[in-house]
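Remarks on the overall topology
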Amino acid sequence: MKKLFAEFFGTFWLVFGGCGSAVFAAGYPDLGIGFVGVSLAFGLTVLTMAYAVGHISGGHFNPAVSLGLWAGGKFEAKDLVGYIVAQLIGAIAAAGALYLILTNKADFVTIGGFAANGYGDLSPDGYSMTAALIAEFLLTMFFLLIILGSTNDRAPKGFAPIAIGLGLTLIHLISIPITNTSVNPARSTSQALFAGGEFTGQLWLFWVAPIAGAIVAGFIHKSLFDKA
């Protein structure tokens, strides 16, 4: 249970901090933090929670990460369902908190797209479904390679959260204009549930592409790098 609570709180913080920065601060009238600020926010959430509770649960905070670690032989299949459920609950709880804060703003009208992911008309810069699939697959694959490599027994000790946090920052710097950056099905689900409409219809891509990329990375690391 301690592991599941750690995954709940870690995923909550990732969504609250990362998506919260996009919802509240990205374009704040004239001094918003922009794409760079949102990218840093996502990276910092993972970095801080990896140090805070990573030693308890491994610091996955993402169903794709759990599945990628399983594919890489670093996580047991029997724990997958519990971790993914805890991550989803944490993400949805954080989205609910963001919704309550946003809707209690004095001039609130609508949540719009919230911080949801999308392609085509819902892509921040109009990228197609194919572009979104490619981007989410590749970026999640490299994210898992970073995670698996930096946490390997032969890697320098104590620095993995920094590499992983900076890796997630870089991923967002690349892909916010493409899909608003997912690489995390729990994060995408939490936002789509509140944004509704077409966002829920496109949610499948933000499960399929990240999970496929993560699993491929797990097999690559296991076969090429783990015992190299």
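A few words on the environment of Ile220. On the secondary structure map, Ile220 appears in helix α9 (residues 205-225). Overall, Ile220 belongs to the partly exposed group, its relative accessible area being 25%. Sequence separation between Ile220 and Leu205 is 15 residues, and the spatial gap between their C-alpha atoms is 22 Å. Setting aside anything within four residues of it in sequence, one finds Ile220 in contact with Met141, Leu145 and Phe225.

Here we take up the pattern of salt bridges. Going through the model one piece at a time under the given rule, you end up with four salt bridges. Between Asp226 and Lys74 there is a salt bridge whose closest N-O contact spans 3.1 Å. Placement of the pair is Asp226 in the segment after α9 and Lys74 in the loop between α3 (63-71) and α4 (80-103), with a sequence separation of 152 residues. Asp226 sits in the buried class, given a relative accessible area of 12%. A residue is classified by how much of its surface remains accessible, and Lys74, at 42% relative accessible area, is partly exposed. Its salt-bridge partner being Lys78, residue Glu76 comes within 3.6 Å of it at the nearest N-O pair. By sharing partners, the salt bridges in this structure join Glu76, Lys78 and Asp79 into a single network.

Attention now goes to the side chain of Thr45. Examined against the element boundaries, Thr45 turns out to sit in helix α2 (residues 34-57). If near-sequence neighbours (up to four positions away) are discounted, Thr45 is found in contact with Trp13, Leu14, Gly17 and Gly18.

Turning to the packing of aromatic side chains, a few remarks are in order. This structure, assessed with the given rule, holds seven aromatic pairs. When the ring of Phe8 is compared with that of Phe12, the centres are 6.3 Å apart and the planes differ by 40°; the resulting orientation is tilted. Note that Phe8 and Phe12 are positioned in helix α1 (residues 2-25) at a spacing of four residues, about one turn of the helix. We classify Phe8 as partly exposed; its relative accessible area is 21%. Judged by its relative accessible area of 24%, Phe12 falls in the partly exposed class. An aromatic cluster is defined as three or more aromatic residues linked by ring pairs; in this entry it consists of Phe8, Phe9, Phe12 and Phe16.

Below, the discussion takes up the environment of Leu139. Secondary-structure assignment places Leu139 in helix α5 (residues 129-150). Overall, the relative accessible area of 11% leaves Leu139 in the buried class. Sequence separation between Leu139 and Lys227 is 88 residues; the distance between their C-alpha atoms is 24 Å. Once you skip the residues sitting within four places of it in the chain, Leu139 turns out to touch Ile171, Ile174, Ser175 and Val183.

Looking now at the environment of Gly196. Tracing the chain through its elements places Gly196 in the loop between α7 (185-195) and α8 (198-201). For Gly196, a relative accessible area of 17% translates into the label buried. Each C-alpha atom, one on Gly196 and one on Ala93, is 16 Å from the other, the two residues being 103 residues apart in sequence.

Right, let's get into the nonpolar core. Nonpolar side chains tend toward joint burial in soluble globular proteins. Ranked by size, the top nonpolar core spans 52 residues in total, and within it Phe114 and Phe143 carry the most contacts. Going through the elements one at a time, α1, α2, α3, α4, α5, α6 (160-179), α7 and α9 are the ones with two or more residues in this core. No other element matches the nine residues that α4 contributes to this core. Those residues in contact with Phe114 that sit more than four places away from it in its chain are Val23, Ala95, Leu98, Tyr99, Leu102, Gln191, Phe194 and Ala195.

The rules behind the values
Residues numbered from 1 in each chain as written. Predicted model: local features only at pLDDT ≥ 70, side-chain atom pairs only at ≥ 80, totals over all residues. Heavy atoms only, no water. Helix = DSSP H or I, 4+ residues; strand = E, 2+ residues; numbered from the N terminus. Buried < 20%, exposed > 50% of the residue type's maximum accessible area, 1.4 Å probe, protein only. Contact = heavy atoms within 4.5 Å. Salt bridge = Lys/Arg side-chain N within 4 Å of Asp/Glu carboxyl O. Phe/Tyr/Trp six-rings, centres within 6.5 Å; stacked < 30°, edge-to-face > 60°. Core = buried A, V, L, I, M, F, W, Y, C linked by side-chain atoms within 4.5 Å.

Function cannot be read off these values alone, since they describe shape.
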